Amino acid sequence: MSGSGLTGLSHITLSTQQLDHSFQFYTQQLGFTPRARWDQGAYLVLGDLWLCLSLDEHRQSNQKEYTHIAFSIDRNHFDALAKQLIDADIPQWKQNSSEGQSLYILDPDEHKLEIHVGDLDSRLAAIAKKPYQGLELF
């Protein structure tokens, strides 16, 4: 719908059962910069992304479905970060089978994350060469 007034993504909020563990994971393992922290949450940033961690006693695993958050990384840094995360025994939830290098990992609350080399243009170029069933490009 054009003209909705939306301008882009504002922020992502992830519920967590253990704020300290998630805070450490996002700041130490993935390099987010903390901007605020309180008893029930934290605000972190990565580039233009604003991430909120929110303590939630009702947090449940979402392991069986495909919803995930993908973070961009330059191909020159992918191998080093992937090795660091694998060496730290960060669990993986999927093996890459699509265009571009990707590492699919779980955060401490089992939110599914992807570290991905590439962008929408590179993905569209790849699927144009090997189309998904019923593909329609715009």
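Located above this text is the structure these notes cover.
In this report, the structure presented in the accompanying data block is examined. (Residues numbered from 1 in each chain as written. Predicted model: local features only at pLDDT ≥ 70, side-chain atom pairs only at ≥ 80, totals over all residues. Heavy atoms only, no water.)

1. Comments concerning the sheet that holds strand β3 (residues 41-46)
Within the open sheet, the four strands sit side by side as β1-β4-β3-β2. Their pairing is mixed. For this open sheet the edge positions go to β1 (12-16) and β2 (33-38), each flanked by a neighbour on one side alone. Looking at each pair of strands side by side, their axes are set apart by 20° on average, direction ignored. Summarising the sheet, β2 and β3 pair through five bridges and their orientation is antiparallel. (Pairing = 2+ DSSP bridges. Helix = DSSP H or I, 4+ residues; strand = E, 2+ residues; numbered from the N terminus. Axes fitted to C-alpha atoms, helices over the stretch in contact; angles between N-to-C directions.)

2. Observations concerning helix α1 (residues 19-29)
Within α1, burial applies to Leu19, Ser22, Phe23, Phe25, Tyr26, Thr27 and Gln29. Directly beyond the C-terminal end of α1, a positive phi value near 80° is found at Gly31. (Buried < 20%, exposed > 50% of the residue type's maximum accessible area, 1.4 Å probe, protein only.)

3. With respect to a nonpolar patch on the surface
On the surface, a cluster of nonpolar side chains totalling about 280 Å² of accessible area is made up of Trp38, Tyr43 and Trp50. Mapped onto the elements of the fold, Trp38 is located in strand β2. (Patch = residues over 30% accessible without salt bridge, like charges linked within 9 Å, V, L, I, M, F, W, Y side chains within 5 Å. Areas by Shrake-Rupley, 256 points an atom, 1.4 Å probe, with all protein chains shown as cover. Salt bridge = Lys/Arg side-chain N within 4 Å of Asp/Glu carboxyl O.)

4. Some thoughts on the sheet that holds strand β6 (residues 92-94)
Within the open sheet, the four strands sit side by side as β5-β8-β7-β6. Their pairing is mixed. Only two strands of the sheet have a single partner each, and these edge strands are β5 (69-72) and β6. Each adjacent strand pair in this sheet contributes to an overall mean axis angle of 35°, direction not counted. In this sheet, strand β8 (residues 112-116) lies alongside strand β7 (residues 102-106) in antiparallel orientation, the contact comprising five bridges. Directly across from Ser102, in β8, lies its bridge partner His116. Where helix α2 (residues 75-87) meets the sheet, its contacts fall on β6, β7 and β8, and the angle it forms with β7 comes to roughly 30°. (Contact = heavy atoms within 4.5 Å.)

5. Considerations on the pairing of β1
Most of β1 is tucked away: four of the five residues are buried. Note that β1 and strand β4 (residues 49-55) share five bridges and pair parallel. By the bridge assignment, Ser15 is partnered in β4 with Ser54.

6. Remarks on the nonpolar core
Core analysis: the biggest nonpolar cluster contains 26 residues, and Tyr26, Leu30, Ile105 and Ile115 have the highest contact counts within it. Elements with a contribution of two residues or more to this core: β1, α1, β3, β4, β5, α2, β7 and β8. The contact partners of Ile115, leaving out residues within four places of it in the chain, are Leu30, Phe71, Ile73, Phe78, Leu81, Leu85, Gln101, Ser102, Leu103 and Ile105. (Core = buried A, V, L, I, M, F, W, Y, C linked by side-chain atoms within 4.5 Å.)

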